[in-house]
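Structural description and commentary
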Amino acid sequence: DTGVSQDPRHKITKRGQNVTFRCDPISEHNRLYWYRQTLGQGPEFLTYFQNEAQLEKSRLLSDRFSAERPKGSFSTLEIQRTEQGDSAMYLCASSPNIQREGRIHEQFFGPGTRLTVL
Amino acid sequence: AQSVTQLGSHVSVSEGALVLLRCNYSSSVPPYLFWYVQYPNQGLQLLLKYTSAATLVKGINGFEAEFKKSETSFHLTKPSAHMSDAAEYFCAVSPFMGRRALTFGSGTRLQVQP
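Now for a look at the structure at hand. Just so it is clear, the model here is predicted, and its values are computed rather than measured. (Residues numbered from 1 in each chain as written. Chains lettered and ligands numbered in written order. Predicted model: local features only at pLDDT ≥ 70, side-chain atom pairs only at ≥ 80, totals over all residues. Heavy atoms only, no water.)

1. Digging into the layout of surface pockets
One number sums up the size of the largest pocket: a volume of about 410 Å³. Around the largest pocket sit 20 residues that line it, and Leu39 and Gly40 of chain A together with Gln38, Glu88 and Arg109 of chain B are the ones nearest its centre. The dominant element in the lining of the largest pocket, judged by the number of residues it contributes, is strand β10 (residues 87-95) of chain B, at three residues. Grouping the constituent residues of the lining of the largest pocket by class yields six nonpolar, eleven polar and three charged. In this structure, the second largest pocket encloses a volume near 350 Å³. Residue lining of the second largest pocket: 16 residues in total, with Glu44, Phe45, Ser58 and Leu60 of chain A together with Thr103 of chain B positioned closest to the centre. (1 Å grid on protein atoms, 1.4 Å probe; cavity = no way out; pocket = protein on both sides within 12 Å on 5 of 7 lines; lining within 4 Å. Points joined across faces, edges and corners; volume = space filled by probe spheres on them. Helix = DSSP H or I, 4+ residues; strand = E, 2+ residues; numbered from the N terminus. Nonpolar A, V, L, I, M, F, W, Y, C, P; charged D, E, K, R; others polar.)

2. A few points about the interface of chain B and chain A
Opposite the 20 residues of chain B that make contact, chain A presents 23 residues. Note on chain B versus chain A: buried area summed over both sides is about 1800 Å², and carbon and sulfur give 53% of it. Linking chain B with chain A are one salt bridge. As a salt-bridge pair, Lys49 of chain B and Glu106 of chain A come within 3.6 Å of each other at their nearest N and O atoms. Per-element accounting of the side of chain B that touches chain A gives the leading share, four residues, to strand β5 (residues 31-38) of chain B. For the side of chain B that touches chain A, the residue count by class is ten nonpolar, seven polar and three charged. (Contact = heavy atoms within 4.5 Å. Buried area = accessible area lost by both parts, 1.4 Å probe. Salt bridge = Lys/Arg side-chain N within 4 Å of Asp/Glu carboxyl O.)

3. Brief notes about the pairing of strand β8 (residues 64-68) of chain B
Residues and elements named next belong to chain B. Here β8 shows a buried face lined by Ala65 and Phe67 and an unburied face lined by Glu64, Glu66 and Lys68. Linking strand β7 (residues 56-58) to β8, which pair antiparallel, is a turn of five residues; within it Asn61 sits at a positive phi near 60°. In terms of strand pairing, β8 meets strand β9 (residues 73-78) through five bridges, oriented antiparallel. Paired with Lys68 across the bridge in β9 is Ser73. Taken together, β8 and the strand that follows it, β9, pair antiparallel across an intervening segment of four residues, in which Thr72 is found at a positive phi of about 45°. (Buried < 20%, exposed > 50% of the residue type's maximum accessible area, 1.4 Å probe, protein only. Pairing = 2+ DSSP bridges.)

4. Brief notes about the sheet that holds strand β7 (residues 65-68) of chain A
Residue and element names in this part refer to chain A. Strand order in the open sheet formed by four strands is β1-β3-β8-β7, with antiparallel pairing between adjacent strands. Looking at which strands have only one partner, the edges of the open sheet turn out to be β1 (5-7) and β7. The mean angle between the axes of side-by-side strands here comes to 15°, regardless of whether they run parallel or antiparallel. With four bridges joining them, β7 and strand β8 (residues 75-79) adopt antiparallel strand pairing. What sits directly across from Ser66, in β8, is Glu78. (Axes fitted to C-alpha atoms, helices over the stretch in contact; angles between N-to-C directions.)

So this is what it looks like as structure tokens:
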């Protein structure tokens, strides 16, 4: 496995600006998840994709947030009109859809994108 | 609905001492349970997982956890702490069926004193 990659690793922006993050999952994984982690807390689920279909969105995902996964490969998470409360680490994870080598349900996490909104 | 409670936001042990990190879960369906470790400014790495096979699960770096249904617990242990074990540890639960997104506890920061 080459691992899940995320870009950028850090983003500093001013309140009101739009930001976009990218996640590249492990190539054969067809499930992709986005989580948000604030300081001192565990990650919280935002949304998940199976292939290109976005199957569930958390109520944490306000209408300023949008996620896509065109062609079922990489995914983007966009935040419009950022607010200071959006400052957090945004984590992406991927997992295989079928049982494989005992790795059922295992999610592999990327290094995260740390967003700071000034 | 699922939830995870990690008792103790900070745990400090001496190098060589037993590590015990507590996790209790609440789930209306049979769950899968996980422990992840997070080093500063990094993503999460899976330590071990319970998926309804053996109740005593062994993971990486000498960690293990025991699933106790009667106590709804999944505590993480390691017989002898190393300095390199200092990190944040998260317990997580996901349902047997469905989207299988993880629900995490709030984490326990482990400090290892020399």
